[in-house]
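Overview (structure and organization)
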Amino acid sequence: MSDAVPGLRERKRLATRLAIQQAALRIAVEDGLAAVTVDEISRRADVSPRTFFNYFPTKEQAILGDDPTLPDDDALASFVAGGPSGDLLRDLGALLVHSTQALIDERGLIAERQEVLRANPELFSQRMASMKEFQHEIESAVARRLAPAEHDPDALRRRARLASIVALAALRHAWWEWSEQDGDVHLVEELERSFADLGALVSRSLV
């Protein structure tokens, strides 16, 4: 997938955001969660505390990174309206691709973040809560799309929930595949591939 190269200002913004996350994770790994403060993160990332808060609302969020969320724009409106292809899974995959393009996907953060989450159950719970909220967003979008053709509220709820769970499973699959590679493959490319594989599986009879 060929994306436009970010401009200088955007590259600097992403570099600063990454530096803040790296600093927060390094402090947590080396000295424990109690040692992580906004002042210490800012010192190590060579930014001011004010700059820190321009990127993250709390030190915990700097450790966890960006929460996934659906785009509140034309892409979401197109999905709800039945587009862009008319195939639910394919369109859901395209919507998630759109929503993940803005996420920082540095492989170097993965191991340290997982280490910190394992050592701090409260942070793991916070991450699970954000993923549950993301699932609810997906479920709501799917329900809005299916509502005109499905008049049974219980069936609508069940199908929308199932679609949201399947979508998150495909996202998790893409993340695993991407994190295990050493090349220059982008997370978005793996997500596109995972949804393509999922579509191929459900479109044939498996025996």
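So, a few notes on the structure that sits alongside this text. (Residues numbered from 1 in each chain as written. Predicted model: local features only at pLDDT ≥ 70, side-chain atom pairs only at ≥ 80, totals over all residues. Heavy atoms only, no water.)

Our next topic: the pattern of salt bridges. According to the stated counting rule, one finds 14 salt bridges in the structure shown. Note that Asp66 is salt-bridged to Arg17, the shortest N-O span being 2.2 Å. Taken together, the residues Asp66 in the loop between helix H4 (59–64) and helix H5 (74–80) and Arg17 in helix H1 (residues 8–31) connect sequence positions 49 residues apart. Owing to a relative accessible area of 13%, Arg17 belongs among the buried residues under this scheme. Here Arg193 makes a salt bridge to Glu190, at a shortest N to O gap of 3.3 Å. Residue Arg193 and its partner Glu190 are both found in helix H10 (residues 187–202); the two are separated by three residues, about one turn of the helix. For Arg193, a relative accessible area of 45% corresponds to the partly exposed category. Connected through shared salt-bridge partners, Arg26, Glu30, Asp31, Glu40, Arg43, Arg44 and Glu112 make up one network. (Salt bridge = Lys/Arg side-chain N within 4 Å of Asp/Glu carboxyl O. Helix = DSSP H or I, 4+ residues; strand = E, 2+ residues; numbered from the N terminus. Buried < 20%, exposed > 50% of the residue type's maximum accessible area, 1.4 Å probe, protein only.)

What follows is about the environment of Glu139. Within the secondary structure layout, Glu139 lies in helix H8 (residues 121–146). Along the primary structure Glu139 and Thr51 are separated by 88 residues, whereas in three dimensions their C-alpha atoms are 35 Å apart. Beyond its immediate sequence surroundings of up to four residues, Glu139 is in contact with Arg157, Ala160, Arg161 and Ser164. (Contact = heavy atoms within 4.5 Å.)

This paragraph deals with the side chain of Glu150. Mapped onto the elements, Glu150 comes out in the loop between H8 and helix H9 (153–179). The buried category is assigned to Glu150, whose relative accessible area is 19%. For Glu150, the side chain forms a polar contact with the side chain of Arg159, separated by 2.6 Å. In this structure Glu150 touches Ala155, Leu156 and Arg159, once residues within four positions along its chain are discounted. (Polar contact = N/O pair within 3.5 Å; in protein donor to acceptor, adjacent residues only side chain to side chain.)

Now for the nonpolar core. Soluble globular proteins: nonpolar side chains tend toward being buried together. Grouped together as the largest cluster of nonpolar side chains are 26 residues, with contacts concentrated most on Leu70, Leu96 and Ile138. When residues of this core are traced back to their parent elements, those giving at least two are H5, helix H6 (88–100), H8, H9 and H10. The residues contacting Ile138, other than those within four sequence positions of it, are Leu70, Leu92, Leu96, Ser164, Ala167 and Leu168. Formed by 22 residues, the second largest nonpolar core is a distinct cluster that contains Leu25, Val38, Ile41 and Leu64. (Core = buried A, V, L, I, M, F, W, Y, C linked by side-chain atoms within 4.5 Å.)

Another point: the packing of aromatic side chains. Under the defined criterion, the tally for this structure stands at three aromatic pairs. Plain terms: the ring middles of Trp175 and Trp178 are 5.1 Å apart, the flat faces sit at 50 degrees to each other, and that makes the pair tilted. With Trp175 and Trp178 both in helix H9 and three residues apart, the pair spans about one turn of that helix. Residue classification places Trp178 among the buried positions, given a relative accessible area of 1%. Three or more aromatic residues link up through ring pairs in this structure, and these residues are Phe52, Phe53 and Phe56. Looking at Arg17, its charged tip hangs above the ring of Phe56, at a distance of 4.5 Å from the centre. (Phe/Tyr/Trp six-rings, centres within 6.5 Å; stacked < 30°, edge-to-face > 60°. Lys NZ or Arg CZ within 6 Å of the ring centre and 35° of its normal.)

This part covers unusual backbone geometry. Cis geometry is found at the peptide bond from Gly83 to Pro84, where omega equals 0 degrees. Residues other than glycine seldom take positive phi values, yet Asp46 does so here, at roughly 60 degrees. A residue is classified by how much of its surface remains accessible, and Asp46, at 71% relative accessible area, is exposed.

Contact geometry of H1 with helix H2 (residues 38–45) gives a least axis separation of 8 Å together with a crossing angle of 120 degrees. By crossing handedness, the relation of H1 to H2 is classed as right-handed. On the side of H1, the interface is formed by Ala19, Ile20, Ala23, Ala24, Arg26, Ile27, Glu30 and Asp31, while H2 contributes Glu40, Ile41, Arg44 and Ala45. Of the residues contributing to the contact of H1 with H2, the split by class is seven nonpolar, no polar and five charged. (Axes fitted to C-alpha atoms, helices over the stretch in contact; angles between N-to-C directions. Left-handed = near helix turned anticlockwise from the far one by under 90°. Nonpolar A, V, L, I, M, F, W, Y, C, P; charged D, E, K, R; others polar.)

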